[in-house]
Amino acid sequence: TSPIRTGYVEVGEDKFCLPVYYQKYEESLKSFDIFEDDVFICGHPKTGTTWCSEMIWLIVNNLNYEGALSKEIYKRVSQLELCSLFNISEKPGADNYNKYAGLQYIAEAARPRCIKTHLHWSLLPDQIQNGTKKPKMVVVLRNSEDSCVSLYHHSQMVEKYTGTFEEFCTLFLAGRVCFGPFWKQVLSYWEQKYRPNLLFVKYKEMKEDLPAVIKKVSTFLGKTYTEEEIEKLSKHLSFESMKKNPAVNHEEVFNKLKEVGYTTSDSCFIRSGKVGAFKLKMSPDMIKKFEAWTKENLNGTGLSVE
Ligand code: A3P
C-alpha cells in the first residue's frame, strides 16, 4: 500500500483506492468466514447497491414487508467493509451505525445473511475467491458517468468533499475516489462471470423493467413469486416509494450530518434515480473524456452496462 490522496492508500495490483483506515482490517476481511447460504450484493458505490439490497433482502426473506419497514437497511444488509472505511465513531450521527459496522455483527447475523460490498474482487474473503464457499452473489452495474455524479454528491455529504465537480470528475477518471478505479473494480467481477454463483444486474434494466429483474433474481435465489407479489415488490422498490421510506433513505444520518454542520450539502441519499442525467451536469468535454476512458477499459471485455 502507498499514499495516493490525503486519507487514502492504494491497495494491490489495480491500485485500488481505499481509506487509510482500511489497512487495519485488510487481514480480518480476507479471513472472514463465509456461509454457503450467504447472499452478496456487490458493486461500485452509487451503482444502485442499496436499491438492489432492498430487493434481495425481501426476496430472500419471503417478502417480509413488516421486517423491511421496521429495521433500517444497514441493520439487515451489512456492508462487509464498513468497519474499515473510517473511524466511524468519529463521524457525527454515526452512533447508530457503530454497532452494526463491525465484522462481529455480521458474523453473528441471522442466516441467511445478506451482505453488501464495494470491495474489489481480489480483496474479498479468501473463501469466496478460492471457491471453497460459493455464496450467491448479485453484481450491480451502472454507467460510470451517472455513478460519478452520484458519488460527487455523496462525497460532499459524507466526506466533506469541497472541490469542484470538474475536479471530482478528474479524480474519478484517475481512480482516486473511494473504491476506484471504477472500471477496474467492475471488471474484477466481470472476469469471474464464469462462476455460476454470480449474477449481473444492470441499473438500467432495473429502471426499464423492474418486475423482469425481480423475476430473474428470484429464480437465481431459488424463490418463486406470483405476478401480484412481483407487482407489489416493484411498487415498494420504486424511486418514489424508496425516497420516502426511512428504512432505506438514510435520512436519519444525513439529517444529522446537516444539522451539526458536518456538510453544507443539501443532497439526499435517494437523490435523482435516473439514467443519463449526467448529461445535464457534465461538460461536453468531460463527457468525451468519460467516453474514451470507458471505451479503452471495456474494449474486448464483452461488458456493456447499457
Ligand atoms: P443518484 O445519486 O444518481 O440518484 P448506492 O446505493 O449504490 O450508493 O447507489 C445510490 C444511487 O442509487 C443513487 O443514485 C440513488 O438515488 C439510486 N437509487 C436508490 N434507490 C433507487 C430506486 N428505488 N430507484 C432508482 N434509483 C435508486
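Criteria and cut-off values
- Residues numbered from 1 in each chain as written.
- Predicted model: local features only at pLDDT ≥ 70, side-chain atom pairs only at ≥ 80, totals over all residues.
- UniProt positions renumbered as here; feature names shortened; annotations may be inferred.
- Helix = DSSP H or I, 4+ residues; strand = E, 2+ residues; numbered from the N terminus.
- Rg over C-alpha atoms; globule rule 2.2 N^0.38 Å.
- Buried ≥ 20, exposed ≤ 12 C-beta atoms within 10 Å, placed from the backbone.
- Pairing = 2+ DSSP bridges.
- Axes fitted to C-alpha atoms, helices over the stretch in contact; angles between N-to-C directions.
- Near = placed C-beta within 6 Å.
- Core = buried A, V, L, I, M, F, W, Y, C linked by C-beta atoms within 7 Å.
- Contact = placed C-beta atoms within 7 Å.
- Expected span 1.5 Å × (residues − 1).

As recorded in an unreviewed UniProt entry, the protein chain goes by Sulfotransferase domain-containing protein and comes from Ignelater luminosus. Here is the UniProt Sequence similarities (unreviewed entry) comment for the protein chain, exactly as written: "Belongs to the sulfotransferase 1 family."

Engineer: I keep staring at the overall build of the protein chain and nothing clicks. Help me out?
Structural biologist: Summing up its helical and strand segments, the protein chain has 16 helices and eight strands in all. Taken over C-alpha atoms, the radius of gyration comes to 18 Å for the protein chain, in line with the 19 Å a tight globule of 306 residues would show. Along the three orthogonal principal directions, the C-alpha set of the protein chain runs to about 45 × 40 × 40 Å. Every one of the 306 residues in the protein chain was classed for burial, and the buried ones make up 38%.

Engineer: Quick question: what am I supposed to make of the sheet that holds strand 8 (residues 198-202) here?
Structural biologist: Sheet strands pair by backbone hydrogen bonding; their relative direction is either parallel or antiparallel. Reading across the sheet, the five strands line up as 5-6-4-7-8 and stay open at both edges, with parallel pairing between neighbours. Two strands bound the open sheet, and with one partner strand each, they are strand 5 (77-79) and strand 8. Going from strand to strand, the sheet's axes swing by 25° on average, the running direction of each strand aside. For strand 4 (residues 39-42) and strand 7 (residues 136-141), the ladder comprises four bridges, and the chain directions are parallel.

Engineer: Can you help me understand the site of the ligand in this one?
Structural biologist: Inspection of the region around the ligand gives 18 residues, with Thr49, Thr50, Ser150, Arg271 and Gly273 positioned closest. Of all elements in the fold, only helix 2 (49-60), helix 8 (144-158) and helix 14 (239-243) reach the threshold of two or more residues within the shell around the ligand.

Engineer: How do you make sense of the nonpolar core when you look at a structure like this?
Structural biologist: The tendency in soluble globular proteins is for nonpolar side chains to be buried as a group. In terms of nonpolar packing, the biggest core is built from 62 residues, with Ile41, Met55, Ile56 and Val138 touching the most fellow members. Filtering out sequence-adjacent residues up to four positions away, Ile56 remains in contact with Val39, Ile41, Cys114, Val138 and Val217. By size, the runner-up hydrophobic cluster in this structure holds five residues, among which are Met157, Val253, Phe254 and Leu257.

Engineer: Explain helix 2 to me, please; I cannot follow it from the model alone.
Structural biologist: Think of an α-helix as turning once every 3.6 residues; residues three or four places apart then point the same way. The terminal C-alpha atoms of helix 2, which comprises 12 residues, lie 16 Å apart, in line with the 16 Å expected from a rise of 1.5 Å per residue. By the burial criterion, the buried members of helix 2 are Thr49, Thr50, Trp51, Cys52, Ser53, Glu54, Met55, Ile56, Trp57, Leu58, Ile59 and Val60. Asn62 occupies a position one or two residues after helix 2 and carries a positive phi of about 50°.

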